[in-house]
Number of protein chains: 2
Amino acid sequence: AIADRAESLFPRECLAGKRVVITAGPTREALDPVRYITNHSSGKMGFALARAAVEAGASTTIIAGPVALETPEHVQRVDVTSARDMATASNELAAEADIFIACAAVADYRPAEAQTSKIKKTGESITLALTRNPDIVASVAQRENAPFTVGFAAETDNVVAYARGKLERKGLALIVANDVSNSQIGFNSNENAATLVWADGQRELAQANKNTIARQIIDQIAGMLPTNSPK
Amino acid sequence: AIADRAESLFPRECLAGKRVVITAGPTREALDPVRYITNHSSGKMGFALARAAVEAGASTTIIAGPVALETPEHVQRVDVTSARDMATASNELAAEADIFIACAAVADYRPAEAQTSKIKKTGESITLALTRNPDIVASVAQRENAPFTVGFAAETDNVVAYARGKLERKGLALIVANDVSNSQIGFNSNENAATLVWADGQRELAQANKNTIARQIIDQIAGMLPTNSPK
């Protein structure tokens, strides 16, 4: 009954004819053939968004970092490992998308030089030079004929303030902000809670299953889209 | 028939009455609440060794980093995340062990300072200070009344030469050396191949299922143990 109620709150086919591209999961940034930098993203939120987009009638593609998740039905999937691979796939697919949702937890930095042989232990301490990865969501949002671009902000402090800054700085249409210091939600959890932030408003999504949160985000996006503007 | 043959090559109960402790999987070294450094270890080899040790009649404990594997039957399991957690558990359990097998791919270095808030992007490049983690297998091997201590060497170059150096430097009884540049074996594969290296000998284990390799390693250990020396 709860599932029925969630469905009834959510007008089906609200994204009929739209093409949605969603990034999901972490990226891995190689230090050498053995070691890498990554993060705790499980990909569950991005995959839930893909299911919700399909339910809403969209043609849906997910660009997935290394995650242990099955591809949802009717979703196209492109697997990538590093942030640079994800950037390449995103820019290519965003050119044909109406909506781009950057849900992946992309590594901000990668090792300046990935070693091709395993790094030897050489002393009590070492320093690792890291270089900035491409900002995928900003580059998609700043395209000519950019899709409706949605970012995520996973923060531990001042969550909504950071999110609003990010929205403006990157030129996003909408941002989904959540507080990853709350271990009941986010990353490896099946639940999430978030604040949706856009230029002239915000909306709290109370803690719920990620599928429910995903439907609410898709609903919000559908309501904000310019009408009758398929590319 | 192949499984039967493998079993018959392997005298059951050759470790009856022995207490075996095995480390397995990767460790994760936190950069901040979101990001970490890790490696490609799946834990499969360590878990195969735990099954082989149980088959050989040993009382078996596995100290596991973050892996997606079921605990084998009759195995005690201690879950850890960082190298320092693994070191604490290893030193505690090694005190009561006859055999200690350090199969985990322990991070050699951790961030000198783990941030309690998410690190902000601050520029095109940053440097990360890393500090050496405790050398678990060396500290176990160098204990008074040390257990029979087995190390692993996952290398990309000059595999056996590095392994022999490690054996001597750390005071190990046996080392299992493998070439992780061969993508058909090791880490996420179900197959492995290795060279067993000890003070006055070495033995090649041809590419095979990790369960077969594990039985051969347990067999080798059983053959090298001083007779009648339970602690």
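Our subject is the structure that appears above.
Cut-off values and rules
- Residues numbered from 1 in each chain as written.
- Chains lettered and ligands numbered in written order.
- Predicted model: local features only at pLDDT ≥ 70, side-chain atom pairs only at ≥ 80, totals over all residues.
- Heavy atoms only, no water.
- Helix = DSSP H or I, 4+ residues; strand = E, 2+ residues; numbered from the N terminus.
- Buried < 20%, exposed > 50% of the residue type's maximum accessible area, 1.4 Å probe, protein only.
- Contact = heavy atoms within 4.5 Å.
- Areas by Shrake-Rupley, 256 points an atom, 1.4 Å probe, with all protein chains shown as cover.
- Polar contact = N/O pair within 3.5 Å; in protein donor to acceptor, adjacent residues only side chain to side chain.
- Salt bridge = Lys/Arg side-chain N within 4 Å of Asp/Glu carboxyl O.
- Least-squares fit on C-alpha atoms with pLDDT ≥ 70 in both.
- Pairing = 2+ DSSP bridges.
- Axes fitted to C-alpha atoms, helices over the stretch in contact; angles between N-to-C directions.
- Buried area = accessible area lost by both parts, 1.4 Å probe.
- Expected span 1.5 Å × (residues − 1).
- Core = buried A, V, L, I, M, F, W, Y, C linked by side-chain atoms within 4.5 Å.

S.K.: Is there a simple way to explain the overall build of chain A in this structure?
M.R.: Assigned secondary structure in chain A consists of six helices and twelve strands. Looking at the 231 residues of chain A, the share that counts as buried comes to 53%. Counted over contacts in chain A with a minimum sequence separation of 6, partners at least 24 positions apart contribute 62%. Of the roughly 10,500 Å² that chain A leaves accessible, carbon and sulfur atoms contribute 47%.

S.K.: What is the right way to read the side chain of D98 of chain A from this model?
M.R.: Residue and element names in this part refer to chain A. Along the chain, the position of D98 falls in the loop between α3 (83–94) and β6 (99–102). Relative accessible area serves as the criterion here: at 8%, D98 is assigned to the buried category. Side-chain polar atoms of D98 contact the backbone nitrogen of R19, separated by 2.7 Å.

S.K.: Is there a simple way to think about the pattern of salt bridges in this case?
M.R.: Side-chain pairing between opposite charges can occur once the charged atoms of the two side chains come close. Summed over all chains, the structure comprises 14 salt bridges over all chains. R77 of chain A is the partner of D79 of chain A in a salt bridge, and the nearest nitrogen-oxygen pair spans 2.9 Å. As a salt-bridge pair, R35 of chain B and D32 of chain B come within 2.5 Å of each other at their nearest N and O atoms. Judged by relative accessible area, D32 of chain B falls into the buried class, the value being 2%. Because the salt bridges share partners, they merge into one network encompassing R19, E96 and D98 of chain A.

S.K.: Any chance you could explain the relation of the copies chain A and chain B here in plain terms?
M.R.: Two chain copies, one operation linking them: a rotation about an axis together with a shift along it. Screw-axis analysis of chain A against chain B gives a translation of 0.0 Å along the axis, an RMSD of 0.0 Å, and a rotation angle of 180°. Here the transformation between the copies is reduced to the relation of a two-fold axis. The fraction of interface residues of chain A whose copies in chain B are also interface residues reaches 100%, indicating that both copies meet through the same surface.

S.K.: It is not clear to me how the sheet that holds strand β7 (residues 109–111) of chain A should be interpreted in this structure. Could you clarify?
M.R.: The strands making up a sheet associate through hydrogen bonds between their backbones, and the pairing can be parallel or antiparallel. The four strands lie next to each other as β7(A)-β8(A)-β8(B)-β7(B), forming an open sheet whose pairing is antiparallel. In this open sheet, the two strands that pair with only one neighbour each are β7 of chain A together with β7 (109–111) of chain B. For this sheet the average axis-to-axis angle between neighbouring strands, irrespective of direction, equals 45°. Direction of pairing for β7 of chain A relative to strand β8 (residues 125–132) of chain A: antiparallel, over a ladder of three bridges. Among the inter-strand pairings, P111 of chain A is bridged to a residue of β8 of chain A, identified as L130 of chain A.

S.K.: Mind showing me how you'd approach the interface of chain A and chain B here?
M.R.: Interfaces are often sized by the amount of accessible area the parts lose when they come together. Contacts between the two partners involve 35 residues from chain A, matched on the other side by 35 residues from chain B. Taking both partners together, chain A and chain B bury about 3,400 Å²; carbon and sulfur atoms supply 50% of that area. Taking the shortest distance from any N to any O, the salt bridge between D108 of chain A and R35 of chain B comes out at 2.3 Å. Between chain A and chain B we count eleven residue pairs in polar contact (both at pLDDT 80 or more) in total. Among the secondary structure elements, those contributing two or more residues to the side of chain A that touches chain B are β3 (35–39), β8, β9 (148–155) and α5 (159–170) of chain A.

S.K.: Just checking my understanding: could you explain the sheet that holds strand β5 (residues 75–79) of chain B for this structure?
M.R.: Residues and elements named next belong to chain B. Read across the open sheet, the eight strands follow the order β5-β4-β1-β6-β9-β10-β11-β12; overall the sheet is mixed. Every interior strand has two partners, whereas the edge strands, β5 and β12 (201–209), have only one. Within this sheet the neighbouring strands show an average axis-to-axis angle of 20°, counted without direction. The sheet contact formed by strand β11 (residues 191–198) and β12 spans seven bridges and is antiparallel. From the neighbouring strand, L196 faces β12, where its bridge partner is R203. Together, β9 (148–155), β10 (174–179), β11 and β12 form the strand contacts of helix α5 (residues 159–170), whose direction differs from that of β10 by roughly 155°. Taken strand by strand, helix α6 (residues 210–224) contacts β6 (99–102), β9, β10, β11 and β12, and its axis lies near 155° from that of β12.

S.K.: What's the story with unusual backbone geometry in this structure? I'm lost.
M.R.: Glycine aside, residues mostly have negative phi, and peptide bonds are mostly found in the trans state. Residue and element names in this part refer to chain A. Here the phi dihedral of N145 falls at roughly 50°; this positive angle occurs in a residue that is not glycine. Note that N145 resides in the loop between α4 (136–141) and β9. The class for N145 is exposed, based on a relative accessible area of 62%.

S.K.: Is there a simple way to think about α3 of chain A in this case?
M.R.: Because an α-helix packs 3.6 residues into every turn, residues spaced three or four apart end up facing the same way. Residues and elements named next belong to chain A. In this model α3 runs 16 Å from its N-terminal to its C-terminal C-alpha over twelve residues, within 8% of the 16 Å that 1.5 Å per residue would give. Among all positions in α3, only A83, M86, A87, A89, S90 and A94 are buried. If you follow the buried residues of α3, they end up packed against β1 (19–24), β2 (29–30), β4 (59–64), β5 (75–79), β6 and α4.

S.K.: Even after reading the chapter, I still don't get the nonpolar core, so can you show me in this structure?
M.R.: When a protein is soluble and globular, its nonpolar side chains tend to lie buried together. Ranked by internal contacts, the top residues of the largest apolar core, which has 38 residues, are L15, I22, L49, I101, I217 and I221 of chain B. Looking at which element gives the most residues to this core, the answer is helix α2 (residues 44–55) of chain B, with eight residues. Among the nonpolar cores identified, the runner-up in size contains 37 residues, and M45, A64, V150 and A214 of chain A belong to it.

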